[in-house]
Amino acid sequence: MLHRNQNTLRFVESDTDPHDLDVALEMLSVATRIDSPNEATRDRAYRDAIRAAKPAFPPFEALPCANVLPELRTACDKPGKMACSGCKLVSYCSKECQKEHWKIHKQDCKDPLKNEDWLPSWVQEGREPIFIGDEAPTETLRRQRTGEFDRNLAKLWGNVPAMDVINLEANENDAAKNLNVAFIASGDMRHVIKTINSLPADFSGDLTVLLNDITVPIACRNLALLSILGTIPDEALAADVALHFWYSVFLPDAYRVQIGLCVAAALEKGHGNSTGTTLGKRSTVSWVYPRETDEYFMNWIPDGDPSQTPLSVVKAQSEYDRFKSEPSRRDYRDRIYARLRPSHRVAVQEFRRFGIVLPFGAPNFHFNCANVSLFSLDGQWLQDDFADPLDGWDISDVIAAGKAHGALPEDIYGCLYFYLSDQLRMFVNRLRRLSISFKLFSAEACRLADGIKSGRLTEVGLAPAVRFDRVQVSNILDSQYIGMEAVLASWGPLLPDNRSATIVGYFLNWSVSEKDGRPRTPETAKDCIKRVLARDEKAKKLRTNKSLGNHPMAKMAIVLQLRVIGVTAQAYDAVYDNSKPFSTYLAKEGLSKILKKTKLRLKETHTIVSRGTSTKSTGRASRVP
């Protein structure tokens, strides 16, 4: 079989892994029962098969020792307590393990990206980076919709920060209240998980969650995630399988089998059943999907046989590398690295190479199957070349979770692994303890609202009288998508008449077309650059950087680097007050007339999520960091 070497990009032929063989043999013993005409027999067979598909390594409870020998397929099973002082990316249980592993680890510990004096390619070559020019913002947006590597592909990992859309304490403040919540352009599951996990521990009400996304692969993945989390008996294992299905490009063979079985079982139970299928003892999931989704589901369970795969690991790696390593995109990659700490650059590079969310030193040689849900039906990578699992999560929460399990901040994807593991385990527990009814759709958002109001969805539990306490609309309020008037006119009537009922939106692209949405005049740009550089240690070091010596391009290179640091969107957003331009944008879009027409009002005080970074959810709408 094929397996991935630790810290390399090549694949090597090897004998069949004994663990995979054991799993396959045990699976054969229950395979015939899955085809039984008796429903109860089939149901037991699915459960037995899921239990049989055991992973080679159980989910990590603490940071593992990094002494992994991939060629021998062995790994130390003790926790890592002693961090490498050179990089702090990995930890070991003892000096003996560290010494034994040094031959392998030194490739990462001494990676040029970790050098304090590392400089991006355009600085080394004394030129302007290709992303700096005179292109108008609107032209940039147009190009991003058409270029192969930076067009708006499927956002399988979302593009809106994770938010708790209920925030019960600041709103209804009633732990026994029944709630209906709609995510009408959901993207991935981040908002659902954040919202449910944020409910108070004593919450006892019934919760109905409408989850819709018009992008078919996203809708299919959402159903698969819920099926995994609600079907696999062991909560820790369910969370781990879901974590890697959600975010890792490659999977252990046992996990691929688990995923296929969970999806197959859900489809069989839910087919033609308006009430769907159960998720644990008290929760349910039902769905109304177009026929197009069938092909995606069958691609995950080809010919009904989870032991087969439609996309080889070699082809998947080749396609993933094509997007992540395209030479023409080097300046864009270096722009990301330029804003990171040295060890974080190595960590990001590691994820871009392997695509697996794990602690840096954890064994990955058993991740020998492609996660086909991240690829199109014909094997193309579905996301842009900078899609990153870290996007949308609160980094301070991620680092805190990593610390609780022994990971240091330098191992940022290790921290993310433990954060997601904690969140998914909590979600699994609540999924099985609370009464939650998930109703999944893959439809255009406004047509979905029309379907509810017309009574066409009464059969699936959404009668015209239903009202939603929250409607999260993601970024479809942007004029480039559906726009404010259509969204508010469609979903406003589905709000109950109370102070807490809220439509929550995220304006993503407004600043592209609005004057002063971003600091574009020389005066505002200069002020932002000055404020960023005043608190940016990286920039301060560059101003006295000696690595270029007396090279004739040294001064120009440093100026260019400082300019790039100053113009990053993240840096501008952190220091620029754009509240007045945003109000102007809303006025130009006719918000007052839209509100009057829809009989809605704009909240003066935010009670769901904050207006911006470092502000409280209960702050006034005009308040900025």
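Residues numbered from 1 in each chain as written. Predicted model: local features only at pLDDT ≥ 70, side-chain atom pairs only at ≥ 80, totals over all residues. Heavy atoms only, no water.

Caption draft 1: Main features of the overall build of the protein chain. On a plain count of helices and strands, the protein chain comes out with 24 helices and 15 strands. Burial analysis of the protein chain (625 residues in total) assigns 56% to the buried set. Partitioning the intrachain contacts of the protein chain with sequence separation of at least 6 by distance along the chain shows that 73% fall at a separation of at least 24. As displayed, the protein chain offers around 28300 Å² of accessible surface, 51% of which is attributable to carbon and sulfur atoms. (Helix = DSSP H or I, 4+ residues; strand = E, 2+ residues; numbered from the N terminus. Buried < 20%, exposed > 50% of the residue type's maximum accessible area, 1.4 Å probe, protein only. Contact = heavy atoms within 4.5 Å. Areas by Shrake-Rupley, 256 points an atom, 1.4 Å probe, with all protein chains shown as cover.)

Caption draft 2: Broad picture of the environment of Pro217. Along the chain, the position of Pro217 falls in helix 7 (residues 216-231). Judged by its relative accessible area of 8%, Pro217 falls in the buried class. Taking C-alpha positions, Pro217 is 7.2 Å from Ser373, a pair spaced 156 residues apart along the chain. Leaving out residues up to four positions away in the same chain, Pro217 has contacts with Leu156, Tyr296 and Leu382.

Caption draft 3: Structural context of unusual backbone geometry. Of note in the backbone geometry, Arg73 takes a positive phi value of approximately 55 degrees without being a glycine. In this fold, Arg73 is placed in the loop between strand 3 (68-69) and strand 4 (74-75). We classify Arg73 as partly exposed; its relative accessible area is 22%. You will see that Asn167, though not glycine, has its phi angle at about 45 degrees, which is positive. Position of Asn167 relative to the elements: it lies in the loop between helix 5 (137-144) and strand 7 (179-183).

Caption draft 4: Main features of helix 9 (residues 253-270). End to end, helix 9 covers 26 Å across 18 residues, agreeing with the expected 26 Å (1.5 Å per residue, within 8%). With 16 of 18 residues buried, helix 9 is to be regarded as a mostly interior element. (Expected span 1.5 Å × (residues − 1).)

Caption draft 5: Broad picture of the environment of Asn364. Within the fold, Asn364 resides in the loop between helix 13 (342-354) and strand 12 (369-370). Spatially, the C-alpha atoms of Asn364 and Pro252 are 8.6 Å apart, while their sequence positions differ by 112 residues.

Caption draft 6: Local environment of the pattern of salt bridges. Tallied over the entire structure, the rule returns 14 salt bridges. Note that Arg330 and Glu125 form a salt bridge whose closest N and O atoms lie 4.0 Å from each other. Of the two residues, Arg330 sits in helix 12 (residues 330-338) while Glu125 sits in the loop between helix 4 (121-124) and helix 5, which places them 205 residues apart along the sequence. For Glu125, a relative accessible area of 46% translates into the label partly exposed. Linking Arg329 and Asp385 is a salt bridge whose minimum nitrogen-to-oxygen distance equals 2.8 Å. In this pair, Arg329 sits in the loop between helix 11 (313-324) and helix 12 while Asp385 sits in the loop between strand 12 and helix 14 (395-404), placing the two residues 56 residues apart along the sequence. The residues Arg329 and Asp385 share a single accessibility class, namely buried. Each member of the salt-bridge network shares a partner with another, and the members are Glu125, Arg127, Arg330, Asp331 and Asp334. (Salt bridge = Lys/Arg side-chain N within 4 Å of Asp/Glu carboxyl O.)

Caption draft 7: Main features of empty space enclosed by the protein. Scanning all chains against the criterion turns up four cavities of 30 Å³ or more. Taken as a whole, the largest cavity holds about 140 Å³ of empty space. Taken together, 13 residues line the largest cavity, and the ones lying closest to its centre are Glu350, Ile356, Leu358, Pro359 and Phe360. Counting residues per element, the lining of the largest cavity draws most heavily on helix 13, at four residues. For the lining of the largest cavity, the residue count by class is nine nonpolar, two polar and two charged. (1 Å grid on protein atoms, 1.4 Å probe; cavity = no way out; pocket = protein on both sides within 12 Å on 5 of 7 lines; lining within 4 Å. Points joined across faces, edges and corners; volume = space filled by probe spheres on them. Nonpolar A, V, L, I, M, F, W, Y, C, P; charged D, E, K, R; others polar.)

Caption draft 8: Representation of the sheet that holds strand 14 (residues 470-474). As summarised here, the arrangement of the seven strands in space is 10-11-13-8-7-14-15, forming an open sheet in which the pairing is mixed. The strands lining the two open edges of the sheet, one partner per strand, are strand 10 (277-279) and strand 15 (502-505). Averaged over all neighbouring strand pairs, the angle between strand axes comes to 20 degrees, with direction disregarded. (Pairing = 2+ DSSP bridges. Axes fitted to C-alpha atoms, helices over the stretch in contact; angles between N-to-C directions.)

Caption draft 9: Focus on the packing of aromatic side chains. In this structure the tally under the stated criterion is 22 aromatic pairs. For the ring pair Trp157 and Trp381, a centre distance of 6.4 Å and an interplane angle of 70 degrees mean the geometry is edge-to-face. Note that Trp157 is positioned in the loop between helix 5 and strand 7 and Trp381 in the loop between strand 12 and helix 14, a separation of 224 residues in sequence. Residue Trp381 is classed as buried on the basis of its relative accessible area of 4%. Of the aromatic side chains, those joined through ring pairs into one cluster are Trp157, Trp246, Tyr247, Tyr320, Phe351, Phe375, Trp381, Trp393, Tyr413 and Tyr419. Here the guanidinium or amino end of Arg221 rests over the ring plane of Phe245, the centre of that ring lying 5.2 Å away. (Phe/Tyr/Trp six-rings, centres within 6.5 Å; stacked < 30°, edge-to-face > 60°. Lys NZ or Arg CZ within 6 Å of the ring centre and 35° of its normal.)

Caption draft 10: Just the nonpolar core, in detail. Counting residues in each nonpolar core, the largest one holds 121 residues, and the members touching the most others are Phe427 and Phe438. A total of 12 residues in this core trace back to one element, the largest contributor, which is helix 15 (residues 412-433). What Phe427 contacts, discounting residues up to four positions off in sequence, is Met189, Val192, Ile193, Ile196, Asn197, Leu226, Leu229 and Phe438. (Core = buried A, V, L, I, M, F, W, Y, C linked by side-chain atoms within 4.5 Å.)

Caption draft 11: Focus on the confidence of the model for the protein chain. On average, the protein chain scores 83 in pLDDT, and the residues at 70 or more come to 76%. Here residues 1-16 is a poorly scored stretch, pLDDT under 50, and it has 62 contacts once near neighbours within four places are set aside; other chains count. (pLDDT = per-residue confidence, 0-100.)

Caption draft 12: Broad picture of the pairing of strand 15. Two strands pair when backbone bridges link them, and strand 14 and strand 15 are joined in this way by four bridges, in the parallel orientation. Note that in strand 15 the partner of Ser474 across the bridge is Gly505. Note on the crossover from strand 14 through helix 17 (residues 484-491) to strand 15: the handedness is right-handed. (Right-handed = clockwise from strand over helix to strand, strands pointing away.)

Caption draft 13: Representation of the packing of helix 7 against helix 8 (residues 235-247) within the structure. The contact between helix 7 and helix 8 brings their axes to 8 Å, and the two run at 165 degrees. When the axis of helix 7 is compared with that of helix 8, the two are roughly antiparallel. Helix-helix and strand crossings are classified by hand; for helix 7 and helix 8 the assignment is right-handed. Counting all contacts with helix 7, which are made through Arg221, Ala224, Leu225, Ile228 and Leu229, the residues of helix 8 involved are Ala238, Ala239, Val241, Ala242, Phe245 and Trp246. (Parallel < 35°, antiparallel > 145°, perpendicular 65-115°, else oblique. Left-handed = near helix turned anticlockwise from the far one by under 90°.)

Caption draft 14: Up close: the side chain of Ser283. Tracing the backbone shows Ser283 in strand 11 (residues 283-288). One polar contact links the side chain of Ser283 to the main-chain carbonyl oxygen of Leu431, over a distance of 2.6 Å. Discounting residues that sit within four places of it in the chain, Ser283 has contacts with Thr277, Thr278, Leu431, Leu434, Ser435 and Ile436. (Polar contact = N/O pair within 3.5 Å; in protein donor to acceptor, adjacent residues only side chain to side chain.)

Caption draft 15: Examining helix 24 (residues 591-598) more closely. For helix 24, the full list of buried residues reads Leu591, Ile594, Leu595 and Thr598. The buried residues of helix 24 occupy one face: seen down the axis, they fall within an arc of 100 degrees. Away from the buried face of helix 24 by more than 90 degrees, exposed residues Ser592, Lys593, Lys596 and Lys597 are located. The secondary structure elements touched by the buried residues of helix 24 are helix 17 and helix 23 (579-588). A positive phi of about 60 degrees marks Lys599, the residue just after helix 24. (Arc of directions from axis to C-beta.)

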